[in-house]
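# Chain and residue survey
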Amino acid sequence: MKNKSEDGPDKEGKQKKSLSMQLEEAGLLKPSQKTRFILIAVTLACCGFFFSAINLVSVIENNQLSSLFPLFKAFIPLILGFYLPRILLSMKRNKYRRKLLSEFTDVMTLLLIFLRYGLTMHQTMNQMIHLLKSYRYAFADQFERTLFELNALPVREQAWKNFADRCGFPEILYLTDFMRHENAYDRSLLESLERSRDFIQKKRFSVVEEMAKKVSIYLAIPLILFMIPALLLVLTG
């Protein structure tokens, strides 16, 4: 398989995504979850508008329109009510993607196990959904949604494209390229998927090793700033 890490599904800078897609990228796949978040966002916006209106009336009554600070203070609730839902959605999306990425190699290993037993792709997905749900993996909802789209959409490729867009990290293309094949139990395809899984594992381990090497640097900063001066003070005192 080709390495498509540079052409990942996350192209937020190139095309504007719909609100529904943004909510699905944050793991809000069910209509009830989307409705709940939209209600919260609308409530925050209305509250921000209400409190800003009250503050603006107070500024007008006190004849403070010529001063910038009271005007800015009056519009703070409106700004928070408008941007806070976006900030929360962005944080939830990033957290959801980290969770999917942490589960990714386990999902690929599970997929290889089921396919080597001779199950079809449809049977494999049903078994994976059942097993992943029991361990509360985020991929369970993603596979369940994709299985529904495979049966509902006229073009199967669109279902896998939606799956990659919802997951939102480049490594997912290794899996979607493999899952598009009807004869996924072919030996060469299984070996290719296994190589991709090993590559992703090594990449994750290298990132962790780099972070571990930087720990000593981060520990040295408080040591130099606090412990050494205190030690010198005790020795010279």
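Computed from a predicted model, the values in this text were never measured in an experiment.

### Notes on the side chain of E171
Summarising the element assignment, E171 is placed in the loop between helix 6 (156-167) and helix 7 (172-179). Given a relative accessible area of 14%, E171 falls into the buried group. Beyond its immediate chain neighbours, meaning those up to four positions away, E171 contacts L101, F104, I200 and K203.

### Quick notes on a nonpolar patch on the surface
Taken together, F69, F72, F75, I76, I79, L80, F82, Y83, L84, I87, L88 and M91 make up a surface patch of nonpolar side chains, about 1200 Å² in accessible area. Its location among the elements puts F75 in helix 3 (residues 68-116). Exposure remark for F75: the relative accessible area of 36% places this residue in the partly exposed category.

### Focus: the nonpolar core
Among the nonpolar cores identified, the biggest contains 37 residues, and F139, F143, I172, F178 and M179 are the most heavily contacted of them. Elements that contribute at least two residues to this core include exactly helix 3, helix 4 (121-134), helix 5 (139-152), helix 6, helix 7 and helix 8 (187-236). Among the elements that make up this core, the one with the highest residue count is helix 3 (ten residues). Counting residues in each nonpolar core, the second largest holds five residues, with L23, A26, L28 and F37 among its members.

### Quick look at helix 5
Relative to the 20 Å expected for 14 residues at 1.5 Å per residue, helix 5 spans 20 Å between its end C-alpha atoms, a close match to the ideal helical length. For helix 5, every residue scored as buried is listed here: F139, A140, Q142, F143, T146, L147, E149 and L150. Against helix 1 (19-25), helix 3, helix 4, helix 6 and helix 7 lie the buried residues of helix 5.

### As for unusual backbone geometry
A positive phi angle, near 60 degrees, is found at R136, a position not held by glycine. Examined against the element boundaries, R136 turns out to sit in the loop between helix 4 and helix 5. In this structure R136 comes out as exposed when scored by relative accessible area, which is 73%.

### Quick look at the confidence of the model for the protein chain
Residues at a pLDDT of 70 or more form 91% of the protein chain, whose mean pLDDT is 83. Across residues 1-14 the pLDDT falls below 50, and counting only partners more than four positions away or on other chains, this stretch makes 30 contacts in the model.

### Observations concerning the state of the cysteines
Chemically, a disulfide is nothing more than a covalent bond linking the sulfur atoms of two cysteines. One pass over the structure, following the stated rule, counts zero disulfides. Free cysteine: C47, not disulfide-bonded; nearest cysteine sulfur from C46 at 7.0 Å. Residue classification places C47 among the partly exposed positions, given a relative accessible area of 36%.

### Observations regarding the packing of aromatic side chains
One pass over the structure, following the stated rule, counts nine aromatic pairs. Between F104 and F169, the aromatic rings sit 5.4 Å apart at their centres with planes inclined by 80 degrees, giving edge-to-face as the arrangement. Linking F104 in helix 3 with F169 in the loop between helix 6 and helix 7, this pair joins segments that are 65 residues apart in sequence. Accessibility assignment for this pair places F104 and F169 in one class, buried. Considering the side-chain rings of W160 and F163, the 5.8 Å spacing of their centres and the 90 degrees angle between planes classify their relative orientation as edge-to-face.

Cut-offs applied
- Residues numbered from 1 in each chain as written.
- Predicted model: local features only at pLDDT ≥ 70, side-chain atom pairs only at ≥ 80, totals over all residues.
- Heavy atoms only, no water.
- Helix = DSSP H or I, 4+ residues; strand = E, 2+ residues; numbered from the N terminus.
- Buried < 20%, exposed > 50% of the residue type's maximum accessible area, 1.4 Å probe, protein only.
- Contact = heavy atoms within 4.5 Å.
- Patch = residues over 30% accessible without salt bridge, like charges linked within 9 Å, V, L, I, M, F, W, Y side chains within 5 Å.
- Areas by Shrake-Rupley, 256 points an atom, 1.4 Å probe, with all protein chains shown as cover.
- Salt bridge = Lys/Arg side-chain N within 4 Å of Asp/Glu carboxyl O.
- Core = buried A, V, L, I, M, F, W, Y, C linked by side-chain atoms within 4.5 Å.
- Expected span 1.5 Å × (residues − 1).
- pLDDT = per-residue confidence, 0-100.
- Disulfide = S-S within 2.5 Å.
- Phe/Tyr/Trp six-rings, centres within 6.5 Å; stacked < 30°, edge-to-face > 60°.

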